[in-house]
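Working through the structure, step by step
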Amino acid sequence: MKKKGPPGTIRPQVAAMPIRRLPGGGVEVLLVTSRTTRRWIVPKGWPIKGLTDPESAAREAYEEAGVVGHIVEEPAGRYTYWKRMSDHFVLCEVTLFLLDVERQLPTWAEQDQRQSQWFSPEDAADLVDEPELASAIRNVSLAAAA
């Protein structure tokens, strides 16, 4: 189990916001459910030793949603949330990276542990609990056009 750290410690995490471009210029966002609470979230996790933050975020998307593509090196946003651990909660600050999905694999590591579904940015923003993540998702059309 991860250490709690001193009180007030904020733990860094990385996340991918997988998007796919639609004919006509729109985009959709891929959300997955968390394993324990089944909330809709973006693929995320702890930074991986030996990988950059964007590479770590892309790895999370691969493991949790079976998607591969181009990860944008510049963060698309940040948000905080309380992560439920086995016997306590940890405050995490998540750096969010846009993942331009090129393909979704037929099988992947966590496909039996999570649901995954494509949504319009508006619907995805309404489904996530974290207000800062919802704002980043609402802005995805602008980020995708850049």
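Values in this document were obtained by computation on a predicted structure and should not be read as measured data.

In this structure, the largest pocket spans a volume of roughly 470 Å³. What lines the largest pocket is a set of 19 residues, among which Ser34, Arg35, Thr36, Lys44 and Lys83 lie closest to the centre. Elements with a contribution of two residues or more to the lining of the largest pocket: strand S4 (44–45), helix H1 (53–65) and strand S6 (77–84). Considering each element in turn, the lining of the largest pocket owes the most residues, 4 residues, to S6. Grouping the constituent residues of the lining of the largest pocket by class yields 5 nonpolar, 5 polar and 9 charged.

So, about unusual backbone geometry. If you check the backbone angles, Arg38 has positive phi at about 65° while not being a glycine. By the secondary structure assignment, Arg38 is in the loop between strand S2 (27–33) and strand S3 (40–41). Judged by relative accessible area, which is 38%, Arg38 ranks as partly exposed.

Now for the nonpolar core. Among the nonpolar cores identified, the biggest contains 26 residues, and Met17, Val29, Leu31, Val42 and Ile137 are the most heavily contacted of them. Listed by contribution, the elements that provide at least two residues to this core are strand S1 (11–21), S2, S6, strand S7 (89–104), helix H2 (121–127) and helix H3 (131–138). Element by element, the count of residues in this core is highest for S7, at 5 residues. Here Val42 is in contact with Ala15, Ala16, Met17, Leu31, Val32, Glu64, Tyr79, Leu96 and Leu133, once residues within four sequence places are set aside. Core analysis: the next-biggest nonpolar cluster, separate from the first, contains 14 residues, Ala16, Ile41, Ala61 and Trp118 among them.

Turning our eyes to something else, we now look at the packing of aromatic side chains. Across all of its chains, the model carries 2 aromatic pairs by this definition. With a centroid separation of 5.2 Å and 80° between ring planes, the pair formed by Trp40 and Phe119 is classed as edge-to-face. Of the two residues, Trp40 is situated in strand S3 and Phe119 in strand S8 (residues 116–119); the sequence distance between them amounts to 79 residues. Taken as a pair, Trp40 and Phe119 share a single burial class, namely buried. Ring centres of Tyr79 and Tyr81 lie 6.3 Å apart, and the angle between their planes is 40°; on these two criteria the pair is classed as tilted. This pair shows no difference in class: Tyr79 is buried, exactly as Tyr81 is. Residue placement shows Lys44 over the ring face of Tyr81; its charged tip is 4.6 Å from the ring centre.

A separate point is H3. Inspection of H3 places Leu133, Ala134, Ala136 and Ile137 among the buried residues, and these make up the whole buried set. In a view along the axis of H3, the buried residues occupy a sector of 160°, so they form one face of it.

Attention now moves to the pattern of salt bridges. Summed over all chains, the structure comprises 8 salt bridges. Between Arg35 and Glu110 there is a salt bridge, with its nearest N and O atoms 3.7 Å apart. Residue Arg35 is located in the loop between S2 and S3, and its partner Glu110 is located in the loop between S7 and S8; the two are separated by 75 residues in the primary sequence. Relative accessible area serves as the criterion here: at 46%, Arg35 is assigned to the partly exposed category. One salt bridge in this structure joins Asp129 and Arg39, with 3.9 Å as the shortest N-O distance. Of this pair, Asp129 sits in the loop between H2 and H3 while Arg39 sits in the loop between S2 and S3, and the two are 90 residues apart along the sequence. Of the residues examined, Asp129 reaches a relative accessible area of 52% and is grouped as exposed. With relative accessibility at 23%, the residue Arg39 sits in the partly exposed group.

About the thresholds
Residues numbered from 1 in each chain as written. Predicted model: local features only at pLDDT ≥ 70, side-chain atom pairs only at ≥ 80, totals over all residues. Heavy atoms only, no water. 1 Å grid on protein atoms, 1.4 Å probe; cavity = no way out; pocket = protein on both sides within 12 Å on 5 of 7 lines; lining within 4 Å. Points joined across faces, edges and corners; volume = space filled by probe spheres on them. Helix = DSSP H or I, 4+ residues; strand = E, 2+ residues; numbered from the N terminus. Nonpolar A, V, L, I, M, F, W, Y, C, P; charged D, E, K, R; others polar. Buried < 20%, exposed > 50% of the residue type's maximum accessible area, 1.4 Å probe, protein only. Core = buried A, V, L, I, M, F, W, Y, C linked by side-chain atoms within 4.5 Å. Contact = heavy atoms within 4.5 Å. Phe/Tyr/Trp six-rings, centres within 6.5 Å; stacked < 30°, edge-to-face > 60°. Lys NZ or Arg CZ within 6 Å of the ring centre and 35° of its normal. Arc of directions from axis to C-beta. Salt bridge = Lys/Arg side-chain N within 4 Å of Asp/Glu carboxyl O.

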